[in-house]
Amino acid sequence: MSTPTSPEAPPVRLVVVDDDPLVRAGLTLMLGGAGSIDIVGEGADGTEVAALVDRSHPDVVLMDIRMPGMDGLAATEELRRRPGAPEVIVLTTFHADEQVLRAIRAGAAGFVLKDTPPAQIVEAVLRVAAGEPVLSPAVTRRLMARAAGEPEDDRHSRRTRARQRFAGLGEREQDVASAVGRGSSNAEIAAELHLSVATVKTHVSRILARLGLNNRVQVALLVHDAGLLHEDEDGTGDGRLG
């Protein structure tokens, strides 16, 4: 099976949404020059995204956070609620943990800064199209810390909902999900649980399907919301429910 980075794969279809025409033109010129990416649409506001997606059928949407009408966060939330929605990469000029956390919860597959080198933005688009989230373990840990600082009432209700969802997983799936929550790679999970990497990948795919999630970062957030990381780290649990 070909991947977006293999020679025989068709170019990744990309829509660029940014309210600054100069930034949008620069991104379009830069990304459109990569043979592995085909720019199929441009937008200047979040309100244009739904129609753009319906018209151009992209694989990925590169979405600016700050836009005057509907911002990129609201547009991401609206888009990811639709069946068969394309992946979303959030584009921003700064590290804004609260906004990135909201975007990830809404289903964005990651974020890149506008001053990221062109080759890395191309790589991010290709990775997301291939089903890999674009968030480093360090950024993921920072987002976990941000989530931990939310009001107690919000954390309690989120923990209850997260535990109900997590309980629907099998025992081994809970083990794998907890390891994903700690930021472990597939190879690290395989070594820890004495599984093959292929088996870990199968478990991760099944976890995403059963929980209705889009990527590993959302799994990590769910594990964090359920309070299982703290139990595991404190030695008071094994990362499972029950």
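Scroll up a little and you will see the structure.
Calculation rules
Residues numbered from 1 in each chain as written. Predicted model: local features only at pLDDT ≥ 70, side-chain atom pairs only at ≥ 80, totals over all residues. Heavy atoms only, no water. Helix = DSSP H or I, 4+ residues; strand = E, 2+ residues; numbered from the N terminus. Contact = heavy atoms within 4.5 Å. Areas by Shrake-Rupley, 256 points an atom, 1.4 Å probe, with all protein chains shown as cover. Buried < 20%, exposed > 50% of the residue type's maximum accessible area, 1.4 Å probe, protein only. Pairing = 2+ DSSP bridges. Right-handed = clockwise from strand over helix to strand, strands pointing away. Salt bridge = Lys/Arg side-chain N within 4 Å of Asp/Glu carboxyl O.

*Asks:* How would you explain the overall build of the protein chain if you had to name every residue and give the values?
*Replies:* In terms of helices and strands, the protein chain carries 12 helices and 5 strands. Residue pairs in contact within the protein chain that sit at least 24 positions apart in sequence constitute 65% of those at least 6 positions apart. Looking at the protein chain as shown, the accessible area adds up to about 11600 Å², and 51% of this sits on carbon and sulfur atoms.

*Asks:* So what's going on with the environment of A187? Residues and values would help.
*Replies:* Secondary-structure assignment places A187 in helix α9 (residues 186-193). Relative accessible area serves as the criterion here: at 48%, A187 is assigned to the partly exposed category. Placed 14 residues apart in sequence, A187 and K201 show a C-alpha to C-alpha distance of 9.6 Å.

*Asks:* Outline the pairing of strand β1 (residues 12-17), listing residues and values.
*Replies:* The buried fraction of β1 is high, at 5 of 6 residues. Here β1 pairs with strand β2 (residues 37-43) via 6 bridges, running parallel. What sits directly across from L14, in β2, is I39. In this region the chain leaves β1, passes through helix α1 (residues 21-32) and returns to the parallel neighbour β2; the handedness of that crossover is right-handed.

*Asks:* Please give an account of the pattern of salt bridges that cites residues and values.
*Replies:* In the structure shown here, the tally under the stated rule is 10 salt bridges. The salt bridge involving D54 is made with R82; its shortest N-O contact spans 2.3 Å. Highlighted residues: D54 in helix α2 (residues 49-56) and R82 in the loop between α3 (72-80) and β4 (87-92), separated in sequence by 28 residues. Note on D54: relative accessible area 45%, which makes it partly exposed. Judged by its relative accessible area of 27%, R82 falls in the partly exposed class. Through salt bridges with shared partners, one network takes in D18, D64 and K114.

*Asks:* Just give me the short version of helix α8 (residues 171-181), but keep the residues and values in it.
*Replies:* With 9 of 11 residues buried, α8 lies mostly within the body of the structure. Taken as a whole, α8 has its buried residues at E173, Q174, D175, V176, A177, S178, A179, V180 and G181. Phi for G183, located one or two positions after α8, is positive at around 85°.

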